[in-house]
Amino acid sequence: MGVDLAGLAEAFAAAFDGRTPTHRVHAPGRVNLVGEHLDYNDLPVLPMALQRGITLALRPRDDETVRLVNLDPAYPPVTFEVGVGLEPDGGGAWGDYPKAAARELARRFAVYRGFDAVVASDLPPAAGLSSSSALTNAVGLALCEIGLVGLDALELAGVMAMAEHFTGTMGGGMDQAVTLAGRRGHAARIDFRPLRVRHLLVPEDWRFVVADSGVRAEKSGPAQAAYNQRRAECGEALESLCLVLARDGHVDELPRSYPELLRAVGSTQAVLAFGEEYLDGALLKRFRHVVSEAARVEEARDALMVADIMAFGDLMNASHGSLRTDFLVSSGPLDRLVAIALEGGAVGARLTGAGFGGCIVALADAGTVDGVVDALGRQPPPPLADVPVDRRVFVAEPSDGAVFEAWPA
Ligand code: NG1
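Residues numbered from 1 in each chain as written. Predicted model: local features only at pLDDT ≥ 70, side-chain atom pairs only at ≥ 80, totals over all residues. Heavy atoms only, no water.

Asks: Which parts of the structure should I look at to understand the nonpolar core?
Replies: For soluble globular proteins, the rule of thumb is that nonpolar side chains tend to be buried together. Grouped together as the largest cluster of nonpolar side chains are 125 residues, with contacts concentrated most on L56, F115, F208, F312 and L376. With 10 residues, helix α9 (residues 281-305) is the largest single contributor of residues to this core. Residue contacts for L56: discarding those within four places in its chain leaves H23, R24, V25, F115, A117, V118, V119, A138 and V139. Core analysis: the second largest hydrophobic core is formed by seven residues, L8, F12, A57 and A120 among them. (Core = buried A, V, L, I, M, F, W, Y, C linked by side-chain atoms within 4.5 Å. Buried < 20%, exposed > 50% of the residue type's maximum accessible area, 1.4 Å probe, protein only. Helix = DSSP H or I, 4+ residues; strand = E, 2+ residues; numbered from the N terminus. Contact = heavy atoms within 4.5 Å.)

Asks: Can you help me understand the sheet that holds strand β1 (residues 23-34) in this one?
Replies: Strand-to-strand pairing in sheets goes through backbone hydrogen bonds, with the strands running parallel or antiparallel. As summarised here, the arrangement of the six strands in space is β4-β3-β5-β2-β1-β12, forming an open sheet in which the pairing is mixed. At either margin of the open sheet sits one strand with a lone partner, and together these are β4 (78-81) and β12 (403-406). Across the sheet, the axes of successive neighbouring strands diverge by a mean angle of 25 degrees, strand direction being ignored. Pairing of β1 with β12 involves four bridges; the strand directions are antiparallel. Bridge pairing links H23 to A406 in β12. With respect to the sheet, helix α1 (residues 5-15) is in contact with β1, β2 (46-60), β3 (65-70) and β5 (115-121), its orientation differing from that of β5 by roughly 140 degrees. (Pairing = 2+ DSSP bridges. Axes fitted to C-alpha atoms, helices over the stretch in contact; angles between N-to-C directions.)

Asks: Looking at this structure, how should I read the packing of helix α4 (residues 153-163) against helix α5 (residues 174-181)?
Replies: The packing of two helices is summarised by the inter-axis angle and the distance between the axes. Relative to each other, α4 and α5 sit at 150 degrees, their axes nearing to 8 Å. If you check the angle between α4 and α5, you find them roughly antiparallel. When the axes of α4 and α5 are compared, the crossing they make is right-handed. Across the interface between the two elements, A153, L154, L156, A157, M160 and A161 from α4 touch Q176, A177, L180 and A181 from α5. Counted by class, the contact of α4 with α5 contains nine nonpolar, one polar and no charged residues. (Parallel < 35°, antiparallel > 145°, perpendicular 65-115°, else oblique. Left-handed = near helix turned anticlockwise from the far one by under 90°. Nonpolar A, V, L, I, M, F, W, Y, C, P; charged D, E, K, R; others polar.)

Asks: Where do I start with the sheet that holds strand β11 (residues 393-396) in this structure?
Replies: Within the open sheet, the four strands sit side by side as β9-β10-β8-β11. Their pairing is antiparallel. Here the strands that pair on one side only, and so sit at the sheet edges, are β9 (348-351) and β11. Along the sheet, successive strands turn relative to each other by an average axial angle of 25 degrees, direction set aside. Running over the sheet, helix α12 (residues 369-378) touches β8 (206-212), β10 (359-365) and β11 and is turned about 5 degrees from β8.

Asks: I would appreciate a short explanation of the pairing of β3 in the present structure.
Replies: Within a regular strand, side chains alternate between the sheet's two faces. Across four bridges, the pairing between β3 and β4 is antiparallel. Of the residues in β4, the one forming a bridge with T65 is E81. Direction of pairing for β3 relative to β5: parallel, over a ladder of four bridges. In the strand pairing of β5, V69 is matched with V118.

Asks: Just to check I follow, could you spell out the site of the ligand for this structure?
Replies: Lining the immediate environment of the ligand, one finds 18 residues, of which E36, H37, D39, K219 and Y227 sit closest. Within the contact set of the ligand, an oxygen atom lies 3.2 Å away from a side-chain nitrogen or oxygen of R30. (Near = heavy atom within 4 Å. Polar contact = N/O pair within 3.5 Å; in protein donor to acceptor, adjacent residues only side chain to side chain.)

Asks: Got a minute to help me understand α1 in this structure?
Replies: Along an α-helix, residues three or four positions apart point the same way, because every turn accommodates 3.6 residues. Capping the start of α1, D4 holds a side-chain oxygen 3.2 Å from the backbone nitrogen of A6, two or three residues further along. Count one or two residues on from α1 and you reach D17, which has phi positive near 50 degrees.

Asks: Explain helix α6 (residues 222-247) here, please?
Replies: Its 26 residues place the ends of α6 37 Å apart at the C-alpha level, agreeing with the 38 Å of an ideal helix rising 1.5 Å per residue. Of the residues flanking the end of α6, it is G249, one or two places downstream, whose phi is positive at about 75 degrees. (Expected span 1.5 Å × (residues − 1).)

Asks: Help me understand the pattern of salt bridges in this model?
Replies: If the charged atoms of two oppositely charged side chains come close together, the side chains can form a pair. Tallied over the full model, the rule gives 23 salt bridges. In this structure, D42 and R193 form a salt bridge, with 2.8 Å as the shortest nitrogen-oxygen distance. Of this pair, D42 sits in the loop between β1 and β2 while R193 sits in the loop between β6 (186-191) and β7 (196-201), and the two are 151 residues apart along the sequence. One salt bridge in this structure joins R107 and E104, with 2.9 Å as the shortest N-O distance. Highlighted residues: R107 and E104, both in helix α2 (residues 96-109), separated by three residues, approximately one helical turn. For E104, a relative accessible area of 6% puts it in the buried group. Overlapping salt bridges bring together R189, D191, R198, E298, R301 and D302 as one network. (Salt bridge = Lys/Arg side-chain N within 4 Å of Asp/Glu carboxyl O.)

Asks: Explain the packing of α9 against helix α10 (residues 309-325) to me, please; I cannot follow it from the model alone.
Replies: The geometry of α9 relative to α10 is characterised by a closest axis approach of 10 Å and an angle of 165 degrees between their N-to-C directions. As judged from the angle between their axes, α9 and α10 are roughly antiparallel. Taken as a pair, α9 and α10 cross one another with a handedness that is left-handed. Contacts between α9 and α10 pair K285, H289, S292, E293, R296, E299, A300, A303 and L304 from the former with A311, F312, L315, A318, S319, S322, L323 and T325 from the latter. Here the contact of α9 with α10 is built from residues that sort into eight nonpolar, five polar and four charged.

Asks: Quick question: what am I supposed to make of the environment of R184 here?
Replies: Its place among the elements puts R184 in the loop between α5 and β6. Under the relative-accessibility criterion, R184 is labelled exposed at 64%. Taking the C-alpha atoms as reference points, R184 and H165, 19 residues apart in sequence, are found 28 Å from one another.

Asks: What exactly am I supposed to notice about the side chain of S131 here?
Replies: In this fold, S131 is placed in helix α3 (residues 131-146). Not counting the four nearest positions on each side in its chain, S131 is found in contact with I54, L123, P124, P125 and A126.

Next comes the structure, spelled out in structure tokens:
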């Protein structure tokens, strides 16, 4: 895999009157190792940027027009003017992601200058590897550089996280932060409000294997509604529990976020016990996932720092169980891939990203990783039966965040 730059330059010339690109932008996808559906609850997460992502070959223009030609013919060309009046096309249109970046940057920084670009990707789309954020961030970074807006990676990540709500998905800020600020060889421990990234070295002999289920979790139809519903349920659970705890004098002040609740009550176990006492049904399940997953992120950070691969694997397994039974975002195909990875020798495996489809991530060491890749490769999920193995299973390399640079001569 990887993007062929000569091919991109040729495609650029073919699309834009024989001209040559002047710049390359690359924004990586990401795989989340643990901490799912926590970012929009203001709780820390632990993803890493991938060696695969979105690449743009581009040339700035002197007006506000953006013209994008995607190398994948499934995505028709898109043209728009940078400005505050941009509206989403809806229905999962791929052009909504670049427009999201352009509208937000026009609104906040009065950028106007557009560009022509050819877009290439070596990420599977809608697979929980954050191809949509990679595209939004690549365009956002390009507009900032061309428009001389001096934001650092995390400032831009905060802006892009809000920008992406334009598409209708009320996501958190994980994808934008790791895509822009990831570091080669490291996972990123990301905190929110305020947004902060700490880079944690991934032990040299750990291997994270990504495998695609072939079930697309398009954030346009049901997956978007289900995602937004989960977010709303997490908020409702928090609010109703905090009101009861304040009313009954268990906390001095009304907590207004999950981190505030955890701080006010003092321990994960006590917060979970209050949840069991005062919540029920779907709200209890969503709450239990969020609070227990937050504890797993802390334990996973510790396991990473002392290179305890078995402990990290156990936490991934527990995360998957919680996402399956309490958060209800797994599926038969994802559960099957997790089982295959474990039978193949992985020490842990879980769905990664929002769920509903997409990919799993499994952990193995350097000595056993080939067995895991073989097991996953040998048993393709039915929608991917004819897809080459390197397009559905690969070993993730912790990679750097996005770059904007002169077109390589
Ligand atoms: P993916 O897997 O890319 O759909 C989504 C959200 C994240 C996060 C995860 C679940 C967007 C852009 N991304 O990611 O913020 O909430 O789900 O942990 O909405």
